[in-house]
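Spelled out from the first residue to the last, the chains are:
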Amino acid sequence: MTGPSHAGSNDHILGVYNRAPLAFERGEGSRLYSTDGEAYLDCVAGIAVDALGHAHPKLVAALKAQGEKLWHVSNIYRIPEQEALAAALCEATFADVVFFTNSGTEAVECALKTARKYHYVNGQPERIDVIGFAGSFHGRSYAAVNASGNAAYLEGFGPRLPGFLQATFGDLDSVKALFGPTTAAVLVEPVQGEGGARALDEAQLNALRELCSESGVLLIYDEIQCGLGRTGRLFAHDWAENAAPDIMCVAKALGGGFPVGACLATTEAAKGMTVGAHGSTYGGNPLAMAVASAAFEEIAKPETLAHVREVAGYLGQQLAGLKDRYPDIVADIRGKGLLIGIQLIPNNREFMNLAREQKLLIAGGGENCVRLLPPLVLTLDEAREAVEKLEKACEAARRRAAA
Ligand SMILES: *Cc1c(COP(=O)(O)O)cnc(C)c1O
């Protein structure tokens with residue numbers, strides 16, 4: 001064995017995760033191989049990160065080629081790889097400009113600063129309030145946990161930051177009720193991920209856009225989990241006709257496993273973000289950009305998105321059948337595309353263990369859900385296999401409840 005002499009213990013890892021007793025050494029497509037030699041069907045994909053599966057040949061090639069040329073230089077120089085990906089993202093979206101980050105949380109930070117600065121340079125510095133939603137997740141920085149308002153993530157970290165309010169997800173009136181002269185922006189996941197795969201419908205997205213426009217409030221989408229093909233369109237809000245945001249955060253799938261995020265904005269919304277207003281040492285370095293460009297090119301292909309819609313349609317039908325056959329186990333099927341939530345009657349953590357015994361990896365979620373977030377390249381055969389394994393997990397859960 002190579003590696004650190006104390007390998008085999010996580011005593012020196014900060015204990016902020018409740019980790020499954022499982023480690024992997026290799027992956028290929030939607031399959032992960034554990035260090036003890038077992039093969040698992042991966043319907044977690046590193047929490048919606050490995051959108052093209054593991055070890056995708058094009059991403060491996062991009063990483064190797066760039067790795068031999070240039071990794072990092074700093075944003076004090078022009079970075080052609082960054083300019084190319086920004087142009088591709090703007091071409092495909094509402095946006096005119098992009099700021100690259102290393103994570104989703106940093107994309108959210110950039111979005112919040114951009115929104116407040118917009119009103120500041122508009123002569124309305126009092127507009128600082130950001131309206132988020134109960135059950136949302138925007139990352140773990142101070143601003144991000146204050147924006148989501150999740151009490152469990154705020155407790156013990158000092159006073160709550162001013163200027164963050166929460167409305168009820170899916171309830172436009174509750175948003176309206178919070179609007180006032182100090183409102184800066186609405187921050188929303190078109191499909192909530194961690195909160196339990198809850199989707200706004202198209203009418204709700206259109207209405208929210210209209211409400212923000214009427215009131216001079218910026219609309220920020222957090223598409224970090226639901227964006228980049230996950231719902232079967234390039235972005236989740238693309239399902240709605242007239243719901244383009246002013247600012248949008250992406251990350252997770254953007255690098256297909258390489259840590260990279262981005263904050264996209266219109267020229268108007270970004271007008272306060274002038275020289276010196278923001279920055280990042282690593283954000284958008286050539287290595288990240290090379291991999292992300294390769295990933296984005298694959299994800300944005302019409303055939304990739306059509307494949308997601310096909311597999312999601314199949315899974316939707318099959319899971320509805322599962323709910324009918326196991327009303328004592330499955331309470332609800334929700335989400336959109338390949339961001340699927342199965343709300344359970346038994347404990348979701350225990351169900352994840354039962355799925356793991358079937359060599360199926362699934363993620364947890366709010367409201368006692370488990371989430372399926374498979375690679376977008378999951379085949380129909382693999383989708384069938386996932387359903388069979390879920391069925392066996394339901395059987396096991398039923399036996400356990402009877403025992
Ligand atoms: C994962 C996630 C984040 C945070 O991204 P990190 O890369 O972990 O910082 C923010 N918003 C949503 C919707 C997410 O799913």
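Criteria and cut-off values
- Residues numbered from 1 in each chain as written.
- Predicted model: local features only at pLDDT ≥ 70, side-chain atom pairs only at ≥ 80, totals over all residues.
- Heavy atoms only, no water.
- Helix = DSSP H or I, 4+ residues; strand = E, 2+ residues; numbered from the N terminus.
- Rg over C-alpha atoms; globule rule 2.2 N^0.38 Å.
- Buried < 20%, exposed > 50% of the residue type's maximum accessible area, 1.4 Å probe, protein only.
- Pairing = 2+ DSSP bridges.
- Axes fitted to C-alpha atoms, helices over the stretch in contact; angles between N-to-C directions.
- Contact = heavy atoms within 4.5 Å.
- Polar contact = N/O pair within 3.5 Å; in protein donor to acceptor, adjacent residues only side chain to side chain.
- Phe/Tyr/Trp six-rings, centres within 6.5 Å; stacked < 30°, edge-to-face > 60°.
- Near = heavy atom within 4 Å.
- Areas by Shrake-Rupley, 256 points an atom, 1.4 Å probe, with all protein chains shown as cover.
- Nonpolar A, V, L, I, M, F, W, Y, C, P; charged D, E, K, R; others polar.
- 1 Å grid on protein atoms, 1.4 Å probe; cavity = no way out; pocket = protein on both sides within 12 Å on 5 of 7 lines; lining within 4 Å.
- Points joined across faces, edges and corners; volume = space filled by probe spheres on them.
- Domains from an automatic or database assignment.
- Buried area = accessible area lost by both parts, 1.4 Å probe.
- Salt bridge = Lys/Arg side-chain N within 4 Å of Asp/Glu carboxyl O.

### Description of the overall build of the protein chain
Phase 1 of the analysis: Check the secondary structure of the protein chain and you find 12 helices and 17 strands.
Phase 2 of the analysis: Compactness check: the protein chain gives a C-alpha radius of gyration of 21 Å against a globular reference of 22 Å for 403 residues, within 12% of the reference.
Phase 3 of the analysis: Principal axes of the C-alpha set define a box for the protein chain whose edges measure 65 × 55 × 45 Å.
Phase 4 of the analysis: The buried share of the protein chain, reckoned over its 403 residues, is 50%.

### Topic: the sheet that holds strand β13 (residues 330–336)
Phase 1 of the analysis: Strand order in the open sheet formed by four strands is β13-β14-β17-β16, and the pairing between neighbours is antiparallel. Among the strands making up the open sheet, the edge pair consists of β13 and β16 (363–365). Neighbour to neighbour, the strand axes of the sheet diverge by 30° on average, direction disregarded.
Phase 2 of the analysis: Packing of helix α10 (residues 302–325) onto the sheet brings it into contact with β13, β14 (339–344) and β17 (369–372), and relative to β13 it is tilted by some 165°.

### What to know about the side chain of Q192
Phase 1 of the analysis: Position of Q192 among the secondary structure elements: in strand β8 (residues 191–192).
Phase 2 of the analysis: Taking relative accessible area as the criterion, Q192 reaches 1% and is therefore assigned buried.

### A short note on the side chain of D246
Phase 1 of the analysis: Tracing the chain through its elements places D246 in the loop between β10 (218–222) and β11 (247–250).
Phase 2 of the analysis: At 2.8 Å, the side chain of D246 forms a polar contact with the backbone nitrogen of L219.
Phase 3 of the analysis: D246 has contacts with F94, R209, V217, L218, L219, L264, A265, T266 and A269, leaving out every residue within four places of it along the chain.

### Quick look at the packing of aromatic side chains
Phase 1 of the analysis: A full pass over the atoms with the stated rule returns three aromatic pairs.
Phase 2 of the analysis: Consider the rings of F24 and Y40, whose centres lie 5.8 Å apart with planes at 90°: the pair is edge-to-face. Note that F24 is positioned in strand β1 (residues 24–28) and Y40 in strand β3 (residues 39–42), a separation of 16 residues in sequence.
Phase 3 of the analysis: Ring geometry for F137 against Y153: centres 6.0 Å apart, planes inclined by 80°, an arrangement best described as edge-to-face. With F137 in the loop between β5 (129–133) and α5 (142–148) and Y153 in helix α6 (residues 151–154), this pair connects stretches of sequence that are 16 residues apart.
Phase 4 of the analysis: Overall, F137 belongs to the buried group, its relative accessible area being 18%.
Phase 5 of the analysis: By relative accessible area, which is 24% here, Y153 ends up partly exposed.

### Thoughts on the site of the ligand
Phase 1 of the analysis: Around the ligand lies a shell formed by S103, G104, T105, F137, H138, G139, E189, D222, I224, Q225 and K252.
Phase 2 of the analysis: Taking K252, its side chain carries an N or O atom lying 2.6 Å from an oxygen atom of the ligand.
Phase 3 of the analysis: Burial of the ligand by the protein chains amounts to 82% of its free accessible area of 380 Å².
Phase 4 of the analysis: In terms of residue class, the shell around the ligand is built from two nonpolar, six polar and three charged.

### Description of empty space enclosed by the protein
Phase 1 of the analysis: Summed over all chains, the structure comprises one cavity of 30 Å³ or more.
Phase 2 of the analysis: Space inside the largest cavity adds up to approximately 40 Å³.
Phase 3 of the analysis: Taken together, P190, V191, L200, D201, E202, L205, A236, W239 and K336 make up the full set of residues lining the largest cavity.
Phase 4 of the analysis: Residues of the lining of the largest cavity, tallied by class, amount to six nonpolar, no polar and three charged.

### Some points on the pairing of strand β7 (residues 183–188)
Phase 1 of the analysis: With respect to burial, β7 is a largely interior element, six of its six residues being buried.
Phase 2 of the analysis: For β5 and β7, the ladder comprises three bridges, and the chain directions are parallel. When the sheet's bridge partners are listed, D129 is paired in β7 with T183.

### Description of the domain arrangement of the protein chain
Phase 1 of the analysis: Split by domain assignment, the protein chain resolves into domain 1 (24–56 + 302–402) and domain 2 (70–299).
Phase 2 of the analysis: Relative placement of domain 1 and domain 2: their C-alpha centres are 27 Å apart.
Phase 3 of the analysis: The interface is formed by 28 residues belonging to domain 1 together with 27 residues belonging to domain 2.
Phase 4 of the analysis: Interface of domain 1 and domain 2: buried area, both sides summed, is about 2,200 Å²; carbon and sulfur atoms make up 61% of it.
Phase 5 of the analysis: Of all residues in domain 1, the largest losses of buried area upon contact with domain 2 belong to L305, K336 and L339, amounting jointly to 27% of the total for that side.
Phase 6 of the analysis: Taken together, domain 1 and domain 2 are joined by three salt bridges.
Phase 7 of the analysis: Connecting domain 1 to domain 2 are 10 residue pairs in polar contact (both at pLDDT 80 or more).
Phase 8 of the analysis: It is α10 that provides the largest number of residues to the side of domain 1 that touches domain 2, a total of four residues.
Phase 9 of the analysis: In terms of residue class, the side of domain 1 that touches domain 2 is made up of 15 nonpolar, seven polar and six charged.

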